[in-house]
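# Structural overview for review
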Number of protein chains: 2
Amino acid sequence: MILDKVNNPNDLKKLTLEELNSLSNEIRELIIKKVNTTGGHMGPNLGIVEATIAMHYVFNSPVDKIVFDVSHQCYPHKILTGRKEGFTNPEKYHVYTGYTAPEESNHDLFKVGHTSTSVSLATGVAKARDLKEEKGNVIALIGDGSLSGGEALEGLDNAAILGSNIIILVNDNEMSIAENYGGLYDNLKLLRDTNGQAECNFFKSLGFDYLYVEKGNDIEELIKAFEKVKDIDHPIVVHMHTEKGHGLDVAEQNKEAFHWILPGTLDKKDDSTAQVEVENYTSLTKKFIMDKAAEDKTVIAVNAGTPGVFGFTKDFREKLGKQYSDVGIAEEHAVAYSSALAKCGANPFFAVMSSFVQRTYDQMSQDLALNNSPITMLVYWGGLSGADATHLCSFDIPLISNIPNIVYLSPATKEECVAMLEYAYKQKERPVAIRIPNSELISTGVKDTTDYSILNKFKVESKGEKVAILGLGDFLGLANLVKDELKSKFGIDATVINPRFITGIDEELLEDLKQNHNVVVTLENGQLDGGFGEKIARFYGNSDVKVLNFGGKKEFSDRVPLDELYERYRLTKELIVEDISKLL
Amino acid sequence: MILDKVNNPNDLKKLTLEELNSLSNEIRELIIKKVNTTGGHMGPNLGIVEATIAMHYVFNSPVDKIVFDVSHQCYPHKILTGRKEGFTNPEKYHVYTGYTAPEESNHDLFKVGHTSTSVSLATGVAKARDLKEEKGNVIALIGDGSLSGGEALEGLDNAAILGSNIIILVNDNEMSIAENYGGLYDNLKLLRDTNGQAECNFFKSLGFDYLYVEKGNDIEELIKAFEKVKDIDHPIVVHMHTEKGHGLDVAEQNKEAFHWILPGTLDKKDDSTAQVEVENYTSLTKKFIMDKAAEDKTVIAVNAGTPGVFGFTKDFREKLGKQYSDVGIAEEHAVAYSSALAKCGANPFFAVMSSFVQRTYDQMSQDLALNNSPITMLVYWGGLSGADATHLCSFDIPLISNIPNIVYLSPATKEECVAMLEYAYKQKERPVAIRIPNSELISTGVKDTTDYSILNKFKVESKGEKVAILGLGDFLGLANLVKDELKSKFGIDATVINPRFITGIDEELLEDLKQNHNVVVTLENGQLDGGFGEKIARFYGNSDVKVLNFGGKKEFSDRVPLDELYERYRLTKELIVEDISKLL
């Protein structure tokens, strides 16, 4: 294997073109095998193998600095920068993260996982170089899909006037996770179709010098291009046309499905992209939207470039037609757009992942909440998880629930979820967000007839005494477990409460609890700081009722298994009861 | 007066061109007089008089819908849409807000005050029209300065592919609040210089049709242009070249100073733009940066288009030269850029207003905090205020302090502010934010020698018993007043504590307080929900100590005088002591 001779980027420079090409095949095979075993980003990494080899052949990392956007395409880079054992040795498959990680290597500058950040970061890297009067190339590697994000566009506008070396490497594979949306993409197509010669050029209009590389999976062509721009004294965009999933037939043909795959996807005999639909909170929400859209032409499903998360499949998109808006990676736009849609009488459902809703605070505050626009916002995957530090979903409650006017709901069952969707759809008073549970579907079989327009009414699930346990959303189950444990260990019949409303407290009920409860316990699936429980603690601050808040610690946990997090945060029935027992 | 005949936009349509021109003079005079009396946005409104008249002459508001960006240029619009008495009658000068306000008129669609929102909002308005199969023009009026914001850029990318009528009216006065920064602005200049004929056109590259109007303060030219694009069936940008401050010599010549003026500015005999520098927290912070920049070439002052707020005057900018970055309205870029600067060994000071830091949550979380980049972030104007609902500064603590890794400091005195600046500048461990007080300077005259690298150590200002009062930042003064009141009314010697750290609690000290304190009171200048006090309530939840949290309610207060807010939130020494007394 050629790779045996390559332990760092310098080793590349001694290879012939033929060897480099062989190396690309070796790397591709490793990635396919590893990703099919562990799951991960397949298409983005297969598409960038040749460019990564050419980059490290021409530039001198870490003196020259490469900033990866999202960094979900950094596997070939990791293989070439001293971390190949994470791909050659199945026992070490989990040693390295799926994103750039400075703690792993000095070839990685930033911990990155969210999109559209590379150009701004690279501009800072380049400016620091200039202030320190140092030399070297600074390269931002960004995919076409990431270009539509506000941070990327702000970054391009600023990078263009840096006045010194910065190379924006646009990896144009004609895809975001799903298809691209936005006027920008017509311009990229025009540039591809004219071999980069069209006068009307988005990058040039921002002031960049520009170079087009049609064969973005051809090492020789890429080396030529990179050698041309190396040590350039001004900002330039190198626009290279690559193929997502390059070299793996099924990935080339199913670009969206093979963006990120589950373990074993390639081993499935039948069509690996087809998925059996089991009813869960996501599928029932999707069905709800489809049914409403069929009967109400003003219903519109909005999302920002991650339709797969919400089950917005091709079938769904085609069925909705004009009633479907994927705005590309552009959450800020998505919120303002949805707000205006609702204000003008349409019925938008804006679906967003907890981790990515972070990109749009000001729009939720100003465009949406201040205007009390009656949109339905669907927040997915909210909760503690064993995810990478870059993709935690534990901050949405602090983020959303402290904005005035927004009503943020947390269903605990299928029936509540449906009732909340109905309420959010029908009401015209305010923005309503629903935290769609990421857990197994729980059904009571009994229709929820709650009138959610009466805000902040908590539901007493079972009436007891001494201890009251507030289990928010999918933590209602844990609350019931705690109740049982209290009964069996201490003979206490605890009260269990299902708050349902995250954004306000049921003062009447909490006041009532004082009569025959000494301890109130809150359980929330997310970060405690700034969250739900603290508001309960504040409410009881002037009383004799003791309050215990359970939830996540303020930290960026990084791939910590969920069970371990639950132990760390004392989120098991045993530990919770242990803490309660100290107050009995 | 022609204006006597104009009560709504329809009345305009009966006027001759000559009358329209006279009307523009009348409106200009009214604005100059009113703004000089009450203070407000002068330049933006003077520049848009003609375009507003022409818009309302050609289009049919409110059937045709106009969305204003920032809406600080809506005074002529208010005058023409039934609200002229707010400008003709000094007694009614304060009746209408300085921004669009749907509660005032159906010609105003959204409550707006933050920048860069109009294109996204207008796209939603237009899409709602299409879903409802209605007709009518949708117009977004956006200034050149606002174009650089991520939300505006995301919006343009999406508006361009709407496939139906939307008119983006770019009001190019060659200025943001201060000068523009970004590659985009070179393209606008090229378009102006070529009378809109240059092939390399930012708007066309996004897919827009395009029309240039050189004489943006000429009603006749504007009417012609608007008539051309009225009822167009696809997205178009009308790029009009206007003059900020048009028709008022001193405003034309001092565009930045006359963007927004204080009452009576025009009546000053001497150079009205010169300001006497009294020492305050802003001036001492500015001086600190200048001194450091002089001795350390890696120091760089970063801000996003609002240099005046921080005292970053022309003199300051010129002195700093390459060590000054105004990134334009682009807070997301500013944070990522600063993070990278710090990560690569430079020393950025990123200055931002509390209200506008809202535009950059994800970057603070992902680009900055997750990477632990040692920037110094300076947050100005944080606190409760009588501001418009669009410009409240009460959310920065919930926003920033619940992000892991960031250390957010709140100085109570000049000496603490300086010591914190020194600490933030020198340390290399983490992002440090400082909430620069907006209050009068308080000096102890004694150097603060605290080692702030020892995190979360609160300072006991005076040791007492029974009641402990935690006065955060500029509310330390209020804490002392409460102490005095408790002494005089109840003979209690309360403990006063200056927390200084917003982002963590001094568990040891709080534990100690339990020994001889029954009541702990927190005072914070900002919203309670998600803020500092709730964390103290959570800490004491399992103890016998009673906690009272004082701060702002979760609401968008709108131009409510500060004294009234203090009453509402029980933030006076009398009300606080009244609440404490119930627990004694």
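The shown structure was predicted, so the numbers you read here are calculated from the model rather than taken from an experiment. Numbering of residues begins from 1 in every chain and follows the order in which that chain's sequence is written. Here chains are named by letter from A upward and ligands by number from 1 upward, in the order in which they appear as written. With pLDDT at 70 or above as the cut-off, local features in this predicted model cover only qualifying residues; side-chain atom pairs require 80 or more to be listed or tallied, and sums for whole chains, interfaces and linings still use all residues. Note that water and hydrogens are dropped before the side-chain values are worked out from all heavy atoms of the structure.

## Concerning the interface of chain A and chain B
Whether two residues touch is decided by their heavy atoms; if any such pair falls within 4.5 Å, the residues are in contact. Listed by partner, the interface residues are 104 residues for chain A and 104 residues for chain B. For the pair chain A and chain B, the two sides together bury roughly 8600 Å², of which 58% comes from carbon and sulfur. The salt bridge definition used is simple: a Lys or Arg side-chain nitrogen within 4 Å of an Asp or Glu carboxyl oxygen. Linking chain A to chain B there are ten salt bridges. Linking A:Lys297 and B:Glu133 is a salt bridge whose minimum nitrogen-to-oxygen distance equals 3.6 Å. Here a polar contact means two N or O atoms within 3.5 Å. Within protein one must be a hydrogen donor candidate and the other an acceptor candidate, and residues neighboring in sequence count only if both atoms are side-chain atoms. In this structure, the connection of chain A to chain B is made through 43 residue pairs in polar contact (both at pLDDT 80 or more). Buried area counts how much accessible surface, traced with a 1.4 Å probe, disappears from two parts once they are put together, with both parts' losses summed.

## Quick word on the nonpolar core
A:Ile168, A:Phe203, A:Met377, B:Ile168, B:Phe203 and B:Met377 are the most contacted members of the largest nonpolar core, which has 246 residues in total. If we skip the residues at most four places from it in the chain, B:Met377 touches B:Phe350, B:Val352, B:Val357, B:Met364, B:Ile400, B:Val432, B:Ala433 and B:Ile434. Residues grouped as a nonpolar core are buried Ala, Val, Leu, Ile, Met, Phe, Trp, Tyr and Cys residues, joined through side-chain atoms within 4.5 Å. A simple rule labels every residue: compare its accessible area, found with a 1.4 Å probe on the protein chains alone, to the largest value its type can have, and call it buried under 20%, exposed over 50%, or partly exposed in between.

## Describing the pairing of strand S8 (residues 299-303) of chain A
Residues and elements named next belong to chain A. Within S8, five of the five residues are buried, which leaves it mostly tucked inside the rest of the structure. Helix and strand definitions follow DSSP, with helices as H or I runs of at least four residues and strands as E runs of at least two, each counted in order from the N terminus. By the alternation rule, side chains of S8 split into Val299, Ala301 and Asn303 and Ile300 and Val302, which are all buried. Following DSSP output, two strands are said to pair if at least two bridges run between them. Of the pairings in the sheet, the one linking S8 to strand S10 (residues 347-353) comprises five bridges and is parallel in character. Looking at the pairing, Val302 lines up with Phe350 of S10. Inspection of the sheet shows S8 paired to strand S9 (residues 324-326) by three bridges, in the parallel sense. When the bridges of S9 are listed, Ala301 appears paired with Tyr324.

## Regarding the relation of the copies chain A and chain B
Here the copies are matched by least squares. The fit uses the C-alpha atoms of residues with pLDDT of at least 70 in both. Take chain A, turn it by 180°, move it 0.0 Å along the axis, and it overlays chain B with an RMSD of 0.0 Å. Both copies are brought into coincidence by an operation consistent with a two-fold rotation axis. A shared binding surface is used by both copies, with 100% of the interface residues of chain A retained as interface residues in chain B.

## Observations regarding helix H13 (residues 281-295) of chain B
Since the α-helix packs 3.6 residues into each turn, any two residues three or four apart lie on the same face. Residues and elements named next belong to chain B. One less than the residue count of a helix, multiplied by 1.5 Å, gives the span that helix is expected to have. Between its terminal C-alpha atoms H13 stretches 22 Å, which fits the 21 Å expected from 15 residues at 1.5 Å a residue. Most of H13 is tucked away: eleven of the 15 residues are buried. Buried residues along H13 sit in contact with strand S8 (299-303), helix H14 (314-320), strand S10 (347-353), strand S11 (376-380), helix H18 (414-426) and strand S13 (432-436). At the N-terminal boundary of H13, the capping side chain belongs to Asn280, with an oxygen 3.0 Å from the backbone nitrogen of Thr282.

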